[in-house]
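Inside the fold
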Amino acid sequence: MPSIQIVADSTCDLTPEMIRDHNIRIIPLHVVFGDRTYRDGVDMTTAELYEKVEREGGLPKTAAPSPADFVQSFETIVREDKRIVYISISSELSSTYQNAVIASREFPEGTIEVVDSRNLSTAIGVTVMKAVDYVKAGWDDLSELAARLREDTALVEAEFVIDTLDYLHKGGRCSGTQLVIGSLLRIHPVIKVVNGSMIVAEKLRGKMDKVAQSLLERALSQRETIDTKRIFVTHSLAAENAAWIKGELEKQFPQSEVIVTNAGCVISSHCGPGTVGILFAKKHV
C-alpha cells in the first residue's frame, strides 16, 4: 500500500528543520499587498512583512490557496505513489480547509484525508507532529489516522499574548479609542483559541517581561494535564521573551522537548511584532 505523506499549510509555523527532518510538505498561504501576491514563507519572511507594513502604512490581505493550488500540490504527491493526510488552519479562520476538501474530491476515495486543525500557528504544528508520531509508530490506515487526529485537535491548547494593539487596530479588530486607552494602560490581550475561533481570554497590564510571566503561569496552571512530550513556544520577533519562557518550561518539565518556533507572515500580519505564545497538547484520558 502506498505510504502516507503528511502535508500542512504554511500557518503551521514549524521550524524549517522539523519540516525537513520529518519530510512534511508545506502548501503556502498568500499575503497580498495591493496587486502583488507573496507566498507565505517562500517569497516573503516575517521581518520583510513588517518592513513593508512600516513603509506602506497598511496591512496586507491574506488569502487561502485555491482549490486549483491544492489539486496541483496533491497531484505531485499522488504521482509519487503516496496517500495524503493534510492538516489545515482552522476552518473558522480561513477558507483553506474548504478549498482543500474541494480539491480532495478530484482524487479517488481513500487517497486524501483533510483534517481541520481547529487552530492556528504552531498549535496546528502540534497536530502535525502527532501525525508524524503516529506514522512512525506504524499507523497505515489513512481513515483511522485522520479520525484520531480529529480527536486530538480537541486536546490542543493555544494562548498568545500580544505586545502592540497596532495590528489589531489596522486589521479592524480594535477601535481607535481602544488603541489609545490600551496603549496608555499598557494592555496586552491574551488570545486563546476556543472551538476553532480566537477569543480574548484576559487583558494583562504592564511590560512584556511581566506579561510573559503571566502567560507562563496560565500554562503551568494546567501542568497536570499537559502532554509533556513536546511543548512549543511561538513568537513574532520576540526572541528574548520566547527564550526566557523556553528556559522556564525546561526547568518545570526537564524531560520535555521545548521547541521555539517563529510565526510566519500570515499569522504575524494579524498579531504584530512582539507576540509570544505557548502551545501544547493535553494528555489523553
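Figured I'd write up the structure that's included with this text. (Residues numbered from 1 in each chain as written. Predicted model: local features only at pLDDT ≥ 70, side-chain atom pairs only at ≥ 80, totals over all residues. Heavy atoms only, no water.)

Here we look at the packing of aromatic side chains
What counts here: Here a Phe, Tyr or Trp ring, Trp counted by its six-membered ring, pairs with any other such ring whose centre lies within 6.5 Å, and the pair is stacked when the planes are under 30 degrees apart, edge-to-face when over 60, and tilted otherwise. Accessible area is worked out with a 1.4 Å probe on protein chains only. A residue is then buried under 20% of its type maximum, exposed over 50%, and partly exposed in between. Ring-over charges, as used throughout, are those where CZ of Arg or NZ of Lys falls within 6 Å of the ring centre and within 35 degrees of the ring normal.
Tallying each qualifying case throughout the model produces six aromatic pairs. Measuring from centroid to centroid gives 6.3 Å for Phe33 and Tyr38, while their planes differ by 80°, and the two rings are edge-to-face. Exposure remark for Phe33: the relative accessible area of 6% places this residue in the buried category. With a relative accessible area of 10%, Tyr38 lands in the buried category. Among the aromatic residues, ring-to-ring pairing joins Phe70, Phe74, Tyr86 and Phe107 into one connected group. Between the NZ or CZ atom of Lys52 and the centre of the ring of Phe33, over which it lies, the distance is 5.3 Å.

A closer look at the sheet that holds strand β3 (residues 30–33)
The cut-off we apply is this: In this description, strands pair whenever DSSP reports at least two bridges between them. In this description a helix means any DSSP run of H or I spanning at least four residues, a strand means any run of E spanning at least two, and both kinds are numbered starting from the N terminus. Note on definitions: angles span 0 to 180 degrees between N-to-C directions of axes, and those axes are lines fitted to C-alpha atoms, for helices only across the stretch in contact. Should any heavy atoms of two residues lie within 4.5 Å, those residues are counted as being in contact.
Read across the open sheet, the three strands follow the order β4-β3-β5; overall the sheet is antiparallel. Each edge of the open sheet is held by one strand with a lone partner, namely β4 (36–39) and β5 (61–63). Neighbour-to-neighbour, the strand axes of the sheet open up by a mean angle of 30°, direction not taken into account. Bridge count for β3 against β5 is three bridges, and the pairing is antiparallel. Counterpart to Val32 in the pairing with β5 is Lys61. Relative to β3, helix α2 (residues 46–56) is tilted by about 20°, and along the sheet it contacts β3 and β4.

Section: the layout of surface pockets
Our working rule: Points on a 1 Å grid, built from protein atoms alone, make a cavity when a 1.4 Å probe fits but cannot get out and make a pocket when they are open with protein on both sides within 12 Å along at least 5 of 7 lines; residues with an atom within 4 Å of a point are the lining residues. Grid points are joined across faces, edges and corners, and a volume is the space filled by probe spheres set on the points. Following the grouping adopted for this structure description, the nonpolar residues are Ala, Val, Leu, Ile, Met, Phe, Trp, Tyr, Cys and Pro, the charged ones are Asp, Glu, Lys and Arg, and the polar ones are all others, Gly among them.
Put simply, the second largest pocket is a space of about 390 Å³. Considering the residues around the second largest pocket, the lining is formed by 23 residues, among which Asp13, Leu14, Gly41, Asn262 and Gly264 are closest to the centre. For the lining of the second largest pocket, the secondary structure elements donating two or more residues are α1 (16–21), α2 and β12 (257–262). For the lining of the second largest pocket, the residue count by class is ten nonpolar, ten polar and three charged.

As for the pairing of β12
For clarity, the threshold we go by: Seen with the strands pointing away from the viewer, any crossover whose path from the first strand over the helix to the second strand runs clockwise is right-handed.
Inspection of the sheet shows strand β11 (residues 226–235) paired to β12 by six bridges, in the parallel sense. From the neighbouring strand, Arg230 faces β12, where its bridge partner is Glu257. Since β11 and β12 lie parallel, the crossover through helix α10 (residues 239–252) that links them has a hand, and here it is right-handed.

Focus: the pattern of salt bridges
Keep this limit in mind: A pair is scored as a salt bridge if a Lys or Arg side-chain nitrogen falls within 4 Å of a carboxyl oxygen belonging to Asp or Glu.
What the rule picks out here adds up to 21 salt bridges. Between Lys52 and Glu56 there is a salt bridge; the shortest N-O distance is 2.8 Å. With Lys52 and Glu56 both in helix α2, this residue pair falls four residues apart, about one helical turn. According to the relative accessible area criterion, Lys52 is buried, its value standing at 12%. Looking at Glu56, the relative accessible area reads 46%, which means it is partly exposed.

Overview of the nonpolar core
Quick note on the threshold: Nonpolar cores are built from buried Ala, Val, Leu, Ile, Met, Phe, Trp, Tyr and Cys residues. Side-chain atoms within 4.5 Å join them into one set.
Counting 37 residues, the largest nonpolar core has Leu14, Val85, Val128, Leu149 and Phe232 as its most contacted members. Of all the secondary-structure elements, those providing two or more residues to this core are β1 (3–9), β6 (82–88), α5 (122–136), α6 (142–153), β8 (156–161), β9 (187–194), α11 (265–271) and β13 (276–282). Looking at this core element by element, the count peaks at eight residues for α5. In this structure, Ala219, Leu249, Val276 and Phe280 belong to the second largest nonpolar core, which totals 21 residues.

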